[in-house]
Amino acid sequence: MLTTGLFRQPDDGDLLVRVARTLAPGFELVVAGAAPAALDGVEGVTTHGTVSPARIPDLWPGSLCQLALYRDDLNTRRFASPLKVVAAMASGVPLIATDLPTVRTLVEHEHSALLVGPGDTDGVIRAIARLDDDPALARALATHAVEAARELTWERRGEGLLAFVAGL
């Protein structure tokens, strides 16, 4: 399993720690990015600290899923552009993400990702178990996410903006 969300805020880190402790030792959790100190010494958890975006794909092979877990605050609810979600979508690895409006603009629940409520440890665990139990679902989510991510490149967004402006 690979998680690539931002975990610098206490709420994010607390959720990740609860998930890690619930999953250990049955799953390996690989954290790329800032990791809460409470993960130190948790069985099955490997932290890499800040990882260059170019190195993130090296961590994907063999991953059951990626987690993009965000806190529910004004920034992530209304204004953030969760680029890590787009990177996860393009990876070919199924994604579990926090169900927030900014994330829903990028993925569709049960089509290109599994969405869970903010801070919902049990929801994250259920989603992981679902992917583990249903490889066909995992493959379908990953496939649909890769297809959707192709439309989220800067080039495609620029083309869409130019088409919009030309239509005015």
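First, a word on scope: everything that follows refers to the structure included in this document. (Residues numbered from 1 in each chain as written. Predicted model: local features only at pLDDT ≥ 70, side-chain atom pairs only at ≥ 80, totals over all residues. Heavy atoms only, no water.)

Bringing the overall build of the chain into the picture now. Broken down by element type, the chain carries seven helices and six strands. What you see in the chain, going N to C, is helices and strands ordered as β-α-β-β-β-α-α-β-α-β-α-α-α. A fraction of 59% describes how many contacts in the chain between residues 6 or more apart in sequence connect residues 24 or more apart. Just so you have it, the chain exposes about 8,800 Å², and 54% of that area is on carbon and sulfur atoms. If you average the places of the 15 positive and of the 21 negative side-chain charges in the chain, the two averages end up 4 Å apart. (Helix = DSSP H or I, 4+ residues; strand = E, 2+ residues; numbered from the N terminus. Contact = heavy atoms within 4.5 Å. Areas by Shrake-Rupley, 256 points an atom, 1.4 Å probe, with all protein chains shown as cover. Lys, Arg positive; Asp, Glu negative; His and termini not counted. Charge placed at Lys NZ, Arg CZ, Asp CG, Glu CD.)

Its identity as a non-glycine residue notwithstanding, Glu 110 has a phi of 65 degrees, on the positive side. Position of Glu 110 among the secondary structure elements: in the loop between helix 4 (101–104) and strand 6 (114–116).

Looking at the secondary structure, you find Ser 63 in the loop between strand 3 (45–47) and strand 4 (66–68). Here the side chain of Ser 63 touches Leu 59 through a polar contact of 3.3 Å, landing on its backbone oxygen. (Polar contact = N/O pair within 3.5 Å; in protein donor to acceptor, adjacent residues only side chain to side chain.)

Side chains that are nonpolar tend, in soluble globular proteins, to be buried together. Judged by nonpolar contacts, the single largest core of 26 residues is most densely connected at Leu 67, Ile 96, Ile 128 and Leu 131. Mapped by element, the contributors of at least two residues to this core are helix 1 (10–23), strand 2 (29–31), strand 6, helix 5 (121–133) and helix 6 (135–150). Of the residues forming this core, the biggest block, six residues, is contributed by helix 1. Counting 17 residues, the second-largest nonpolar core is a separate cluster that includes Val 86, Leu 106, Val 107 and Ala 149. (Core = buried A, V, L, I, M, F, W, Y, C linked by side-chain atoms within 4.5 Å. Buried < 20%, exposed > 50% of the residue type's maximum accessible area, 1.4 Å probe, protein only.)

Evaluated as defined, the whole model comprises five salt bridges. Arg 156 is paired through a salt bridge with Glu 151; the nearest N and O atoms lie 3.7 Å apart. Assessed through its relative accessible area of 39%, Arg 156 is described here as partly exposed. Connected through salt bridges with shared partners, the residues Glu 151, Arg 156 and Glu 159 form a single ionic network. (Salt bridge = Lys/Arg side-chain N within 4 Å of Asp/Glu carboxyl O.)

Below, the discussion takes up the pairing of strand 5 (residues 95–98). The side chains of a regular strand alternate, first on one face of the sheet and then on the other. Burial along strand 5 is two-sided: the face carrying Leu 95 and Ala 97 and the face carrying Ile 96 and Thr 98 are both buried. Note that strand 4 and strand 5 share three bridges and pair parallel. Along strand 5, the bridge assignment pairs Ala 68 with Ala 97. (Pairing = 2+ DSSP bridges.)

So, about helix 3 (residues 83–90). Considered for burial, the residues of helix 3 that qualify are Val 85, Val 86, Ala 88 and Met 89. The arc enclosing the buried residues of helix 3, seen along the axis, measures out at 160 degrees, which places them on a common side. The inward-facing, buried residues of helix 3 contact strand 4, strand 5, helix 4 and helix 6. Positive backbone phi, at 85 degrees, marks Gly 92, one or two positions downstream of helix 3. (Arc of directions from axis to C-beta.)

Right, let's talk about a nonpolar patch on the surface for a bit. Together, Leu 161, Phe 164, Val 165 and Leu 168 make up a nonpolar patch on the protein surface, roughly 470 Å² of accessible area in all. Residue Val 165 is classed as partly exposed on the basis of its relative accessible area of 48%. (Patch = residues over 30% accessible without salt bridge, like charges linked within 9 Å, V, L, I, M, F, W, Y side chains within 5 Å.)

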